[in-house]
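Topology and contacts: notes
Chain residues, written in single-letter form:
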Amino acid sequence: MAKTGVRLAGDHGIAMTGLGSVNAITESPERSDGTFILMPGWQSNAKKKGLRTVAFHVSLVGRSDLSGEIYRQIRQAILDGRLRPGERLSPTRELAAALRVSRSTVTVAYENLLAEGFATSQTGAGTFVSHQLEAKRPASKARRPPVRAIAVRGVWQTISPPTTFDRADFDFRTGLPDASLFPHRAWRRVVARALRSREMTEGVYENPAGNWDLRVAITRHIGISRSVSASPDDILVTSGTQQALDIIARVLLEPGDVVAVEKPGYLPPKYLFKALGARVIGVPVDSEGLVVEALPARARAVYVTPSHQYPLGVAMSLSRRRALLAWAERNNAVVVEDDYDSEFRFGGRPLEPLQALDSTGRVVYVGTFSKTLLPTLRLGFMVVPPALREAAIKAKHITDWHTTTIVQSALARFIDEGAFARHIRRMSRIYGERHQTLTAAIKRNFGDYLDLVPSSTGLHVAAYARGASVGHIDAIVSRAFDLGVAVHLFGVGEDPQAGIMLGYGAIETPRIAEGLQRVRRCFDERLSRHLKAA
Ligand SMILES: Cc1ncc(COP(=O)(O)O)c(C=O)c1O
């Protein structure tokens, strides 16, 4: 079958098809692999008149009834809303040239559209999608292929879908910073500068490891605030923690390799490792953090949150940290240290990160800006030990080339100018106050139900619910949601001991007391009778 079309040459020899500029069409020759991407594009005189000409995809397969084919495809696009009333169809001459058909072939197609009221024409201005289409538009006729047409790997059946949360009046969700206190003005300024940066103006792909200035700034920041020793060459900028873990897994794990994670623990890494073909084994956590003796000897990697265990909030003791590093050395394993929110500390002495204690190059330290700034920025980083560096950069490269450069440049300046450190100081004060208000209220008002887990770091605390099952807490959490309060539950162990997590990143200090009173009401309704009977 004769097929013609348009090919756009991407950077680095990658062939891309897609919607682009009209220049790309005029320069691009035919391609041989199938569909057309037709881009009538933006015409210069249309631009002058302020008319919008629509880029539209026409696929011509075969050589018979070309007018009919063009007519039918445009008509269908009008009916299903891809072409909207008032939009201008590309001029017949250009459509004919791009499709390599005669102009009269396109004219016939347009005349049919005009005759049936799908299009209107204005002398000298062109052909437009008609405004009088409502009566013609059928209920949705979008083609819906069967959901099970393609089998996905079984592992996806075992992975929960992303949770979306409606905002609650009293928001104790974990892992959220206070977005209302984000320094918008300072951020806007650095983003505006970044838009004028070399990376933007040159418009070429950048180093997968990340913007150099940002790597320098991160090195200084973690050196000062966490005594992590690194050079900018060790830093790889990622789209959040989750991508750092993805890269680590790609460079380390063969299918079937064992990865140890904390139990209870943060679920996204567990799902990620499973999805990449690893065997994930949960290892218990006690008041000193991960129980090192319970680690499976054949684990290739161990994922831990030692500064502020998620969800329980405990800090891993120094002796456990040492034991974990010794274990990793003995078993030739890699330790992935997720230090996600330890910039916020409200007491106690900071413990050395595993990365700083490690002398064997087995720790990958992962940090994020999701808590210190905003999760929507999707910015994180890792300190990669020398043995993994080259592979990690290649993995980042083949995953997404590099993290968006505007945000990287903006953040580099934001840190350099001291705005980041100022923001952390300010937020530490505010979160410290919330931590104090929340923990005092729990101790004062929930003595009969909850045992608070001691914790003085990060953006959430956890509390075990005495004598309650996961089912009870689940009922309490949903009842709380009905009363306008968002809290999370956790369950620990084979015969799970349940509890709740209370985040204070997203709730203002004056609202904490009222929110907790409502939670208390839910405990009274759902648990007090059960406890009395027990
Ligand atoms: C344990 C833990 N690690 C990391 C993150 C942050 O992940 P990301 O940097 O991908 O936003 C969170 C967010 O809630 C978390 O709870």
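This report concerns the structure included in the present document.

Quick notes on the rules
- Residues numbered from 1 in each chain as written.
- Predicted model: local features only at pLDDT ≥ 70, side-chain atom pairs only at ≥ 80, totals over all residues.
- Heavy atoms only, no water.
- Helix = DSSP H or I, 4+ residues; strand = E, 2+ residues; numbered from the N terminus.
- Buried < 20%, exposed > 50% of the residue type's maximum accessible area, 1.4 Å probe, protein only.
- Contact = heavy atoms within 4.5 Å.
- Areas by Shrake-Rupley, 256 points an atom, 1.4 Å probe, with all protein chains shown as cover.
- 1 Å grid on protein atoms, 1.4 Å probe; cavity = no way out; pocket = protein on both sides within 12 Å on 5 of 7 lines; lining within 4 Å.
- Points joined across faces, edges and corners; volume = space filled by probe spheres on them.
- Nonpolar A, V, L, I, M, F, W, Y, C, P; charged D, E, K, R; others polar.
- Phe/Tyr/Trp six-rings, centres within 6.5 Å; stacked < 30°, edge-to-face > 60°.
- Pairing = 2+ DSSP bridges.
- Patch = residues over 30% accessible without salt bridge, like charges linked within 9 Å, V, L, I, M, F, W, Y side chains within 5 Å.
- Salt bridge = Lys/Arg side-chain N within 4 Å of Asp/Glu carboxyl O.
- Lys, Arg positive; Asp, Glu negative; His and termini not counted.
- Charge placed at Lys NZ, Arg CZ, Asp CG, Glu CD.
- Axes fitted to C-alpha atoms, helices over the stretch in contact; angles between N-to-C directions.
- Polar contact = N/O pair within 3.5 Å; in protein donor to acceptor, adjacent residues only side chain to side chain.
- Parallel < 35°, antiparallel > 145°, perpendicular 65-115°, else oblique.
- Left-handed = near helix turned anticlockwise from the far one by under 90°.

Description of the overall build of the protein
Check the secondary structure of the protein and you find 17 helices and 18 strands. A buried classification covers 50% of the 534 residues belonging to the protein. The long-range fraction of contacts in the protein, counting pairs at least 24 apart against all pairs at least 6 apart in sequence, stands at 70%. Surface exposure of the protein reaches about 26100 Å², of which carbon and sulfur atoms provide 52%.

Notes on the layout of surface pockets
Computed from the structure, the largest pocket encloses a volume of approximately 1600 Å³. Every residue lining the largest pocket is counted, 49 residues in all, and those nearest its centre are Thr163, Tyr266, Leu267, Pro268 and Tyr310. For the lining of the largest pocket, the secondary structure elements donating two or more residues are helix H9 (240–252), strand E7 (258–263), helix H10 (267–275), strand E8 (279–286) and strand E17 (488–492). If one sorts the elements of the lining of the largest pocket by residue count, H10 sits on top with six residues. Among the residues making up the lining of the largest pocket, the classes are represented as 26 nonpolar, 15 polar and eight charged.

A word on the packing of aromatic side chains
Applying the stated criterion to the full structure yields 14 aromatic pairs. Taking the centre distance of 5.4 Å and the plane angle of 80 degrees together, the rings of Trp187 and Phe414 count as edge-to-face. Here the residue Trp187 occupies a position in helix H6 (residues 184–194), and Phe414 occupies one in helix H14 (residues 405–416), the gap between them amounting to 227 residues. Both residues of the pair, Trp187 and Phe414, count as buried. A network of ring pairs unites the aromatic residues Tyr365, Phe369, Phe381 and Phe420 as a single cluster.

Quick notes on the pairing of strand E6 (residues 235–238)
The alternating pattern of E6 places Ile235 and Val237 on one face and Leu236 and Thr238 on the opposite face, and all of these are buried. Inspection of the sheet shows E6 paired to strand E13 (residues 380–383) by four bridges, in the antiparallel sense. The partner of Ile235 across the bridge, within E13, is Val383.

A word on a positive patch on the surface
A cluster of basic side chains, namely Arg422, Arg425, Arg426 and Arg429, defines a positive patch on the protein surface. Looking at the secondary structure, you find Arg429 in helix H15 (residues 419–445). With relative accessibility at 60%, the residue Arg429 sits in the exposed group.

Thoughts on the sheet that holds strand E14 (residues 450–452)
Spatially, E14-E15-E18-E17 is the arrangement adopted by the four strands of the open sheet, whose pairing is antiparallel. The two strands at the open ends of the sheet, each matched to only one other strand, are E14 and E17. Sheet twist, expressed as the average angle between the axes of neighbouring strands with direction ignored, equals 35 degrees. Bridge count for strand E15 (residues 460–465) against strand E18 (residues 497–503) is five bridges, and the pairing is antiparallel.

Focus on the side chain of Ser67
Here Ser67 lies in helix H3 (residues 66–79). At 2.7 Å, the side chain of Ser67 forms a polar contact with the backbone oxygen of Thr105. Aside from chain neighbours lying at most four places away, what touches Ser67 is Thr105, Val108 and Ala109.

Overview of the packing of H9 against H10
Contact pair H9 / H10: the axes reach a minimum separation of 10 Å and the direction vectors enclose 30 degrees. Considered as vectors, H9 and H10 are oriented roughly parallel to each other. The handedness of the crossing between H9 and H10 comes out as right-handed. Facing H9, whose interface residues are Gln242, Leu245, Asp246 and Ala249, H10 presents Pro268, Pro269, Leu272 and Phe273.

Side note on the pattern of salt bridges
Applying the stated criterion across every chain yields a total of 24 salt bridges. A salt bridge links Glu69 to Arg72; the shortest N-O distance between them is 3.3 Å. One end of the pair is Glu69 and the other is Arg72, both in helix H3 and three residues apart, which spans about a single turn. For Glu69, a relative accessible area of 25% gives the class partly exposed. For Arg72, a relative accessible area of 43% gives the class partly exposed. We note a salt bridge from Arg389 to Asp234, for which the minimum N-O separation is 2.5 Å. Residue Arg389 is located in helix H13 (residues 386–400), and its partner Asp234 is located in the loop between helix H8 (212–226) and E6; the two are separated by 155 residues in the primary sequence. The class for Arg389 is partly exposed, based on a relative accessible area of 25%. Judged by its relative accessible area of 15%, Asp234 falls in the buried class.

As for the sheet that holds strand E12 (residues 363–368)
In spatial order, the strands read E6-E13-E12-E11-E10-E7-E8-E9; together these eight strands make up an open sheet with mixed pairing. A single partner strand is all that each edge strand has here, and the edge strands are E6 and strand E9 (289–290). Along the sheet, H9 makes contact with E6, strand E10 (299–304), strand E11 (334–338), E12 and E13, crossing E12 at roughly 155 degrees. Here H10 sits on the sheet and contacts E7, E8 and E10; the angle it forms with E8, its principal contact strand, is near 155 degrees.

Description of unusual backbone geometry
That bond from Lys263 to Pro264 is cis: its omega, 5 degrees, falls within 30 degrees of zero. If you trace the backbone, Pro264 turns up in the loop between E7 and H10. Pro311 follows Tyr310 through a cis peptide bond whose omega is 10 degrees. The residue Pro311 is located in the loop between E10 and helix H11 (318–330) in this model. The backbone phi angle of Ser227 is positive, close to 45 degrees, even though this residue is not glycine. On the secondary structure map, Ser227 appears in the loop between H8 and E6.

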